[in-house]
Amino acid sequence: MEGKKEKTFKFVIVGGGIAGVTCVEQLSSQFPSEDVALFTAGPLIKAVTNYKQVSRTMEEFDVEEKPSSVLEEKFPNLTVIHSAVKSLHTHSHCVETADGRVFGYKKLCICSGARPKLLTQENPNVLGIRDTDSVQVFQKHLSKARRIVIVGNGGIALELVYEVKGCEVIWAVKDKAIGNTFFDAGAAQFLIPSLEANKAEVAGPCKRLRYTMEEPAPDAAQTFTADKYSRGQNPGTVEPGSALGPDWHRGIELQGAEQVSHRVSVEYQCEVEQIFTSEEFLLSSKQTLEADTGSWPVYVQLTNGKTFGCDFVVSATGVIPNTEPFVHGNNFLLADDGGLQVDDHMRTLQPDVYAAGDVCTACWEHSPLWQQMRLWTQARQMGWYAGRCMAADVLSESIELDFCFELFSHVTKFFNYKVVLLGKFNAQGLGSDHELLVRCTKGQEYVKVVLSRGRMVGAVLIGETDLEETFENLILNQMDLTSYGEELLNPNIDIEDYFD
Ligand SMILES: Cc1cc2nc3c(=O)[nH]c(=O)nc-3n(C[C@H](O)[C@H](O)[C@H](O)COP(=O)(O)OP(=O)(O)OC[C@H]3O[C@@H](n4cnc5c(N)ncnc54)[C@H](O)[C@@H]3O)c2cc1C
Ligand SMILES: NC(=O)c1ccc[n+]([C@@H]2O[C@H](COP(=O)([O-])OP(=O)(O)OC[C@H]3O[C@@H](n4cnc5c(N)ncnc54)[C@H](O)[C@@H]3O)[C@@H](O)[C@H]2O)c1
């Protein structure tokens, strides 16, 4: 470390995403006379607004991207430092920023998020989507594209295959069914017709989290231009911005160069064998191209033997936690997924260093009905709980693991259907020790319940089922449902009244 310590803060939080901002809000309001600092790479922060607890574990909120001055105005004890943290020195309790300044901390919370785990870093035509910058790049490429290949079967791929128009989409998935990260083959079958149909122009009513940006106006067609929100504001930085979130594509023009509305072909059970530039492809041109003539900027060879030329590839293949600046020279434990391991008080292995959100991996013994997924809701919950744990440590108080970690719940939207996931919604970790009850009305709803030893342990609800609160209660109270059998999903029974 080169510089001299400029100042020591009682609390330092790194990262202006949902986890970091929530942690800052918690600490700044609980300790109004202590110095709190937020270090963040970008000029904007993410703020949770209109927060509403809709049931015991489900919550709704909007997310807004705002200038950090909004936070400083709200909390006079907060200083926002717009520089990335370059290194952490846990022995001397200080951090060094990219512009060479050094600051001390008493307690530190790392909320540096994650970045796309790209199939390759080498090819400029392989894109990831994470923050506003990466959407600009994606949008610019898409506007000239006739065909793209999307690889991955999780949240981003599901959103893109539904939203992108004016361009042919080849969707390569490892699994037998689409959307494997979020649901099973039955739900996938329910959703597939939506991919084939022309999208309804106006979104139907749907309760879910909403994501907004300060400008431009909501619902206006949105085209990002290079001078706004761009790296140009932060010359020379390569740090990732905060993750986009729910409804990020709303109002953004995701239009390719063609007039087709929606053309998606799914390649199941395959991975990417190799990616070629056009030059490499010419040199190695032993492969037969699928449905094709002409030349493309990039070629994707899949493990099913097919090779597609396309304008660009979207690597929607998960994330890697941003741990690099913090681990060097320190003794952190990293989990298999690359996250900083934290215990049930969000503490890392290093004294006075906590972590929350996408950068961390929850390594406490989980409740049998909860699992970590790198989601907006969990980033908020972890940031808030980390703040409370830091406060409890300072005040030498004890604190119990928050109730939100008791039951996994996620409310989102795919293919314009409301999707609610509860508990072990995909029977995760249950082996054969479970049974499934399914009710499906084509085009309307898909309801799946996971039962283990007669108790409900998980559910997938697609459509406006209005079953989420009742099922949440049944999962939480672990009532023996054996005697109800399949009646549990009988559409002629008002289940809410039944269990009242
Ligand atoms: C396209 C997309 C759609 C999504 N949709 C949903 C959804 O519908 N529902 C849902 O629940 N979740 C969704 N997610 C996931 C959700 O957005 C993330 O899980 C969540 O935002 C993570 O928040 P975070 O604060 O942990 O990290 P981030 O939002 O990644 O924030 C990290 C912050 O740390 C800063 N930073 C990084 N390194 C440094 C450093 N060295 N020094 C200083 N600052 C640093 C970054 O600039 C950033 O401000 C989506 C994600 C993406 C990418
Ligand atoms: N509505 C939502 O809840 C929502 C929407 C978008 C994104 N997100 C979140 O944003 C983050 C990023 O989204 P994402 O879709 O990239 O991640 P994800 O974790 O949701 O899905 C990653 C997918 O990529 C596949 N994969 C991984 N490596 C691969 C490889 N080498 N080849 C082929 N497939 C591979 C995985 O099997 C998985 O299907 C995630 O944390 C996700 O939960 C959530």
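All values derive from a computational prediction rather than experimental measurement.

Caption draft 1: Region of interest: the UniProt feature "domain: FAD/NAD(P)-binding" (unreviewed entry) in the protein. Sites flagged by UniProt as "domain: FAD/NAD(P)-binding" (unreviewed entry) map to residues 10–198 and 297–383. Along residues 297–383, the helical share is 14% and the strand share 29%, with 42 Å between the first and last C-alpha atoms.

Caption draft 2: Representation of the state of the cysteines in the model. Scanning the model with the defined rule gives zero disulfides in all. Cys310 carries a free sulfur, and the closest cysteine sulfur to it, the one in Cys167, is 9.1 Å from it. Here Cys310 falls in the buried class, since its relative accessible area comes to 0%.

Caption draft 3: Region of the structure containing the site of ligand 2. Residues in contact with ligand 2 amount to 20 residues; listed here are only the nearest, Ile156, Gly318, Arg374, His410 and Thr412. Between ligand 2 and Thr412 there is a distance of 2.7 Å, counted from a nitrogen atom to a side-chain nitrogen or oxygen. Here ligand 2 has 830 Å² of accessible area as a free molecule, and 80% of this is covered by the chains. When residues of the shell around ligand 2 are traced back to their parent elements, those giving at least two are α4 (155–163) and β23 (409–414).

Caption draft 4: Representation of the domain arrangement of the protein within the structure. By domain assignment, the protein separates into domain 1 (5–115 + 319–405), domain 2 (118–208 + 247–315) and domain 3 (424–498). The centre of domain 1, based on its C-alpha atoms, is set 35 Å off from the matching centre of domain 3. Counting residues at the interface gives 11 residues for domain 1, matched by 11 residues for domain 3. Regarding the contact of domain 1 and domain 3, the summed buried area is about 840 Å², with carbon and sulfur atoms giving 60% of it. Our count for the domain 1 to domain 3 interface comes out at zero salt bridges. At the junction of domain 1 with domain 3, the criterion picks out four residue pairs in polar contact (both at pLDDT 80 or more). Of the residues assigned to the side of domain 1 that touches domain 3, the class counts are seven nonpolar, three polar and one charged.

Each value, and the rule that gives it
Residues numbered from 1 in each chain as written. Chains lettered and ligands numbered in written order. Predicted model: local features only at pLDDT ≥ 70, side-chain atom pairs only at ≥ 80, totals over all residues. Heavy atoms only, no water. UniProt positions renumbered as here; feature names shortened; annotations may be inferred. Helix = DSSP H or I, 4+ residues; strand = E, 2+ residues; numbered from the N terminus. Disulfide = S-S within 2.5 Å. Buried < 20%, exposed > 50% of the residue type's maximum accessible area, 1.4 Å probe, protein only. Near = heavy atom within 4 Å. Polar contact = N/O pair within 3.5 Å; in protein donor to acceptor, adjacent residues only side chain to side chain. Areas by Shrake-Rupley, 256 points an atom, 1.4 Å probe, with all protein chains shown as cover. Domains from an automatic or database assignment. Contact = heavy atoms within 4.5 Å. Buried area = accessible area lost by both parts, 1.4 Å probe. Salt bridge = Lys/Arg side-chain N within 4 Å of Asp/Glu carboxyl O. Nonpolar A, V, L, I, M, F, W, Y, C, P; charged D, E, K, R; others polar.

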